[in-house]
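Report on the structure
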Amino acid sequence: MALNPTPRQLTAIKGAVFALALVPVAKMAYLTISGQLVEPLEHITRGTGDWVLYFLCLTLAVTPLRRFTGWNWLVKLRREIGLFAFFYAFLHFMTFLWFDHFFDVAELWKDVVKRPFITVGFIAFVLLIPLAVTSTNGMIRRLGGKRWQWLHRLIYLIAPLGILHFWWMKAGKNDFQEPIIFGAIVAVLLGLRMYWKLAKPAPRAPLATAARRGV
């Protein structure tokens, strides 16, 4: 069933997505301020990290959902969802920088170098920065559509790095259930893209070229 919202309805949908995306951080802030958390630092760190993965998966899910449903307007939500992935990644990083290292960049860098799961997570965060910076229409025009698309394909690397970061973090507790679920979701979403790319028919040779080849 085709669903084609009007511009006004689409604006309302975007507003609803924006409001819902802020609920997790609002809840974390409320629980922390009200003193309901035994270990607020751990809760915020894990919570922001989990929501990075949720939004990365949602970002990757836009294209498959569009293709399966025919709802092309979903593409117009992808930028907003991707920016929230960066927003929660930024909060996740700031929690680590502030509460774990008290803004001591030298100590943070030692952790990044010595601990592989932090190294991978830091790389994923750094790669998200250019995607967030170039998310505006103005940057799309400056870069050009093709270069912008190539840059934003970094998401195909960022998502697996995020899963690997989560996997190594959970490995210390021998708890792999959630990383496996996230990994399976990302694998399916990336696998669908690969399948569609390989299944795309090769462009036909022009008639003049074909004639010269004796076809």
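Residues numbered from 1 in each chain as written. Predicted model: local features only at pLDDT ≥ 70, side-chain atom pairs only at ≥ 80, totals over all residues. Heavy atoms only, no water.

**Overview of the side chain of His165**
Rules: Under the scheme used here, helices are H or I runs from DSSP no shorter than 4 residues and strands are E runs no shorter than 2 residues, and both carry numbers assigned from the N terminus. We call a residue buried when its accessible area falls under 20% of the maximum for its residue type, exposed when it is over 50%, and partly exposed in between, using a 1.4 Å probe and counting protein chains only. The definition of a polar contact used here is a pair of N or O atoms within 3.5 Å, where within protein one atom must be able to donate a hydrogen and the other to accept one, and adjacent residues in sequence count solely through side-chain atom pairs. Note on contacts: a residue pair is in contact if any heavy atoms of the two residues lie within 4.5 Å.
Along the polypeptide, His165 turns up in helix 8 (residues 155–171). On the basis of relative accessible area, His165 is assigned to the buried category, the value being 18%. In this structure the side chain of His165 is engaged in a polar contact, spanning 2.5 Å, whose partner is the backbone oxygen of Phe117. Here His165 is in contact with His92, Phe117, Ile118, Val120 and Gly121, once residues within four sequence places are set aside.

**Here's the deal with helix 3 (residues 75–100)**
Note the cut-off: What a helix should span is 1.5 Å times the count of its residues minus one.
Over its 26 residues, helix 3 extends 37 Å from the first C-alpha to the last, a length consistent with the 38 Å expected when each residue adds 1.5 Å. Taken as a whole, helix 3 has its buried residues at Leu77, Glu80, Ile81, Phe84, Ala85, Tyr88, Ala89, Phe93, Thr95, Phe96 and Leu97. Looking one or two residues beyond helix 3, the residue adopting positive phi is Phe102, at roughly 50°.

**As for the environment of Val62**
Mapped onto the elements of the fold, Val62 is located in helix 2 (residues 40–69). Spatially, the C-alpha atoms of Val62 and Val17 are 14 Å apart, while their sequence positions differ by 45 residues. In this structure, Val62 is in contact with Leu74, Val75, Arg78 and Ile81, ignoring residues within four places of it in sequence.

**Points about the side chain of Thr95**
Note that Thr95 resides in helix 3. In this structure, Thr95 is in contact with Leu41, Ile44, Thr45 and Asp100, ignoring residues within four places of it in sequence.

**Looking at the packing of helix 4 (residues 105–114) against helix 5 (residues 116–133)**
The cut-off we apply is this: Throughout, an axis means a line fitted to C-alpha atoms (over the contacting stretch in the case of helices), and angles, computed between N-to-C directions, take values from 0 to 180 degrees. Any angle from 65 to 115 degrees is called roughly perpendicular, while one under 35 is roughly parallel, one over 145 is roughly antiparallel, and all others are oblique. In the scheme used here, Gly and all other residues not listed as nonpolar or charged are polar, with Ala, Val, Leu, Ile, Met, Phe, Trp, Tyr, Cys and Pro taken as nonpolar and Asp, Glu, Lys and Arg as charged.
It is at 5 Å that the axes of helix 4 and helix 5 come closest, and there the two elements cross at 105°. Taken together, the axis directions place helix 4 and helix 5 in an arrangement best described as roughly perpendicular. In this structure, helix 4 contributes Trp109, Asp111, Val112, Val113 and Lys114 to the contact, and helix 5 contributes Pro116, Ile118, Thr119 and Phe122. Taken together, the residues of the contact of helix 4 with helix 5 break down into six nonpolar, one polar and two charged.

**Concerning the confidence of the model for the protein**
Interpretation of the predicted coordinates at a detailed level should be avoided for regions scoring low in pLDDT. Spelled out, the test is: Per-residue confidence from the prediction method is given by pLDDT, with values spanning 0 to 100.
On average, residues of the protein carry a pLDDT of 89, and 92% of them reach 70 or more. Across residues 207–215, where pLDDT falls below 50, the model places two contacts with residues more than four positions away in sequence or in other chains.

**Some points on the packing of aromatic side chains**
Note on aromatic pairs: each is described by the distance of the centres and the angle between the planes. Going by this rule: The rule is short: rings of Phe, Tyr and Trp, with Trp giving its six-membered ring, pair when the centres are within 6.5 Å, and they are stacked under 30 degrees, edge-to-face over 60, tilted in between. Either the NZ atom of lysine or the CZ atom of arginine qualifies as a charge over a ring when it sits within 6 Å of the ring centre and within 35 degrees of the ring normal.
Taken as a whole and judged by the stated rule, the model has 20 aromatic pairs. Aromatic side chains Phe93 and Phe122 sit 6.1 Å apart centroid to centroid with 45° between the ring planes, which places their arrangement in the tilted category. Within this pair, whereas Phe93 is found in helix 3, its partner Phe122 is found in helix 5, the two being separated by 29 residues in sequence. Assessed through its relative accessible area of 18%, Phe93 is described here as buried. Relative to Phe99, the ring of Trp98 has its centre 4.8 Å away and its plane inclined at 15°; by these criteria the two rings are stacked. The partly exposed category is assigned to Phe99, whose relative accessible area is 37%. One aromatic cluster is present, built from ring pairs that chain together Phe18, Trp51, Tyr54, Phe55, Phe84, Phe87, Tyr88, Phe166 and Phe182. The ring of Trp196 carries Arg67 above its face, with NZ or CZ at 4.2 Å from the centroid. Positioned above the aromatic ring of Trp150, the side-chain terminus of Arg153 is 4.3 Å from the ring centre.

**Observations regarding the pattern of salt bridges**
Using the following cut-off: Salt bridges are identified by distance alone: a Lys or Arg side-chain nitrogen within 4 Å of an Asp or Glu carboxyl oxygen.
This model, assessed by the stated rule, comprises five salt bridges. One salt bridge connects Glu42 with Arg46, and the closest N-O pair in it is separated by 3.5 Å. Remark: Arg46 and Glu42 occur in helix 2; sequence separation between them is four residues, near one turn of the helix. Here Lys170 makes a salt bridge to Glu178, at a shortest N to O gap of 3.2 Å. For Lys170, a relative accessible area of 10% translates into the label buried. We classify Glu178 as partly exposed; its relative accessible area is 30%.

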